[in-house]
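Here are the chains, one letter per residue:
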Amino acid sequence: MSTQVSAVVSAQRVALRCEGLVKRFADVTAVDGLDLKVFGGECFGLLGPNGAGKTTTVEILEGLTMPDEGEVELLGQRWNSSDDRALRERIGVQLQETQLAEKVTVVETLRLFRSFYKRGHSVEEVIRTVALEEKRNARVGKLSGGQKQRLAVACALVSDPELLFLDEPTTGLDPQARLSLWDIVEKFRDGGGTILLTTHYMEEAARLCDRVAIMDHGKVIALGTPAELIESLGADQVIEFSVATALTNDDALTNLPAVKHLHKRAEIYALTVSEIGVALPALLAEIKQQQSEVVTLTTHQATLEDVFVSLTGRMLRDG
Ligand SMILES: Nc1ncnc2c1ncn2[C@@H]1O[C@H](COP(=O)(O)OP(=O)(O)OP(=O)(O)O)[C@@H](O)[C@H]1O
Ligand SMILES: [Mg+2]
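Just so it is clear, the structure is predicted and the values come from calculations on it, not from any experiment.

Peer 1: Break down the nonpolar core for me, citing the residues and quoting the values.
Peer 2: Within the largest apolar cluster, 49 residues are counted, with the highest numbers of intra-cluster contacts made by Leu110, Leu151, Ile195 and Leu304. Sequence-distant contacts of Ile195, defined by excluding residues within four places in its chain, comprise Glu42, Cys43, Phe44, Leu164, Leu166, Val185, Phe188 and Arg189. One finds Val31, Leu34, Val38 and Phe44 within the second-largest nonpolar core, a separate group that totals 26 residues.

Below you can see the structure in the form of structure tokens.
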């Protein structure tokens, strides 16, 4: 059916590899020929807007969904062998939507998950790792969103996995809860663990991930370290502005000195520029020339969000 996954060429240990993954649901191709390689000890991020195919990809890698085409190898093993159970013992999985029983307490939930595995951390150890000591006897239904999410991650950690999958671990959490989850992820990686996480928070990817793959429509459209991806813009600053009366010639903006890219969304223009000191005076002169004036203007250091916008013309979070 499919080709043998090629041999390891890098000196680095490959924790996870997939080649040519395809998954279709009726007329939707959720994953459209995906190749990935995640090295041991790295935190790898899958980034993309809603519907990009992140969860489908992760669930295939986790052995929960069968791909229509392609190969998956994790920790040197494949799914659908007689060793599936042993492989499952070596990975930790936090699903995008974790449904834990509401009436059961934190400690009971973790005892249950711990009982699935031959080896692993003690329940008390994991409760400490995710800082839920005070809630150990609270029912799951009474936890806050951030506490529930920490419990879901604790369930994924209880087997002391080598490879941890986190599907949007911090979506919907407040900044404090997000920071505390980042802390858990960083500690796991510092202990030698490998992580594959999905997110549509760019700052999360930039902070946590050694490398990221930006996904759109089931394909990887960019891959690298956060710094490499931002450098690929060829510019490090973004000027966002709006004007009082519509500009008559948007193309003129693209031709201004130091301007690399123009993106316009609703009434907001975003110019990616290499030298802000050169681009800004030229921009102001051009706006005046076009008989308009600036209403709002901000500048920021280019981010992964700007990489996505420049590749697709869309914002990550509004799909
Ligand atoms: N079980 C399913 N049946 C039908 N279509 C599906 C199914 N699962 C996913 N899809 C479709 O596949 C595409 C990819 O969905 P997926 O959940 O993988 O995206 P995602 O990148 O995880 O998005 P999000 O950021 O919203 O979680 C979407 O168009 C979705 O509607
Ligand atoms: Mg998803």
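Peer 1: Report on the layout of surface pockets, specifying residues and quantitative values.
Peer 2: Of the volumes computed, that of the largest pocket is approximately 370 Å³. In terms of lining, the largest pocket is formed by 19 residues, of which the most central are Arg88, Val93, Phe113, Phe116 and Tyr117. Looking at which element gives the most residues to the lining of the largest pocket, the answer is strand S5 (residues 91-94), with four residues. In terms of residue class, the lining of the largest pocket is built from eleven nonpolar, five polar and three charged.

Peer 1: Requested: an account of the site of ligand 1, with residues and values cited.
Peer 2: The local shell around ligand 1 holds 14 residues, among which Gly51, Gly53, Lys54, Thr55 and Thr56 are the closest. A distance of 2.7 Å separates an oxygen atom of ligand 1 from a polar side-chain atom of Lys54. Contact distances for ligand 1 include 2.9 Å between an oxygen atom and a side-chain N or O atom of Gln96. Relative to its unbound accessible area of 640 Å², ligand 1 is 62% covered by the protein chains. For the shell around ligand 1, the elements supplying multiple residues, two or more each, are strand S2 (28-39) and helix H1 (54-61). When residues of the shell around ligand 1 are assigned to their parent elements, the largest contribution, three residues, is made by H1.

Peer 1: Got a sec to walk through the side chain of Gln94? Specific residues and values, please.
Peer 2: Checked against the element boundaries, Gln94 lands in strand S5. Owing to a relative accessible area of 1%, Gln94 belongs among the buried residues under this scheme. The contact partners of Gln94, leaving out residues within four places of it in the chain, are Gln149, Ala152, Val153, Ala156, Phe165, Leu166, Asp167, Glu168 and Pro169.

Peer 1: So what's going on with the pairing of strand S11 (residues 259-265)? Residues and values would help.
Peer 2: Pairing of S11 with strand S12 (residues 268-273), which is carried by six bridges, proceeds in the antiparallel orientation. Pairing of His263 across the sheet is with Ala270, part of S12. In this antiparallel pair of consecutive strands, S11 and S12, the connection spans two residues, and Ala266 shows a positive phi of 50°.

Peer 1: A description of the packing of aromatic side chains should follow, citing residues and the corresponding values.
Peer 2: All chains considered together, the criterion is met by two aromatic pairs. Its guanidinium or amino end placed over the ring of Tyr201, Arg178 lies 3.9 Å from that ring's centre, counting from NZ or CZ.

Peer 1: So what's going on with the sheet that holds strand S1 (residues 14-25)? Residues and values would help.
Peer 2: Read across the open sheet, the three strands follow the order S2-S1-S4; overall the sheet is antiparallel. Each having just a single partner strand, S2 and strand S4 (69-74) make up the two edges of the open sheet. Neighbouring strand axes in the sheet, compared pairwise and without regard to direction, differ in orientation by 15° on average. On the sheet, H1 packs against S1, S2 and S4 and is oriented at approximately 120° with respect to S1.

Peer 1: Break down the packing of helix H5 (residues 145-157) against helix H6 (residues 175-190) for me, with residues and values.
Peer 2: Following both chains from N to C, one finds H5 and H6 inclined at 15°, their axes separated by 9 Å at the closest point. As judged from the angle between their axes, H5 and H6 are roughly parallel. Every pair of crossing elements has a handedness; the one defined by H5 and H6 is right-handed. Contact with H5, carried on its side by Gly146, Gln149, Arg150, Val153 and Leu157, involves Ala177, Ser180, Leu181, Ile184 and Phe188 of H6 and no other residues of that element. Looking at the contact of H5 with H6, its residues break down into six nonpolar, three polar and one charged.

Peer 1: A description of the coordination of the magnesium ion (ligand 2) should follow, citing residues and the corresponding values.
Peer 2: The protein atoms donating to the magnesium ion (ligand 2) are Thr55 (OG1) and Gln96 (OE1), with metal-donor distances spanning 1.9 to 2.1 Å. Placement of Thr55 in helix H1 and of Gln96 in the loop between S5 and helix H3 (106-115) is noted, with a sequence separation of 41 residues between them.

Rules used in this analysis
- Residues numbered from 1 in each chain as written.
- Chains lettered and ligands numbered in written order.
- Predicted model: local features only at pLDDT ≥ 70, side-chain atom pairs only at ≥ 80, totals over all residues.
- Heavy atoms only, no water.
- Core = buried A, V, L, I, M, F, W, Y, C linked by side-chain atoms within 4.5 Å.
- Buried < 20%, exposed > 50% of the residue type's maximum accessible area, 1.4 Å probe, protein only.
- Contact = heavy atoms within 4.5 Å.
- 1 Å grid on protein atoms, 1.4 Å probe; cavity = no way out; pocket = protein on both sides within 12 Å on 5 of 7 lines; lining within 4 Å.
- Points joined across faces, edges and corners; volume = space filled by probe spheres on them.
- Helix = DSSP H or I, 4+ residues; strand = E, 2+ residues; numbered from the N terminus.
- Nonpolar A, V, L, I, M, F, W, Y, C, P; charged D, E, K, R; others polar.
- Near = heavy atom within 4 Å.
- Polar contact = N/O pair within 3.5 Å; in protein donor to acceptor, adjacent residues only side chain to side chain.
- Areas by Shrake-Rupley, 256 points an atom, 1.4 Å probe, with all protein chains shown as cover.
- Pairing = 2+ DSSP bridges.
- Phe/Tyr/Trp six-rings, centres within 6.5 Å; stacked < 30°, edge-to-face > 60°.
- Lys NZ or Arg CZ within 6 Å of the ring centre and 35° of its normal.
- Axes fitted to C-alpha atoms, helices over the stretch in contact; angles between N-to-C directions.
- Parallel < 35°, antiparallel > 145°, perpendicular 65-115°, else oblique.
- Left-handed = near helix turned anticlockwise from the far one by under 90°.
- Donors = N, O, S within 2.8 Å, 3.2 Å for Na, K, Ca; no water.

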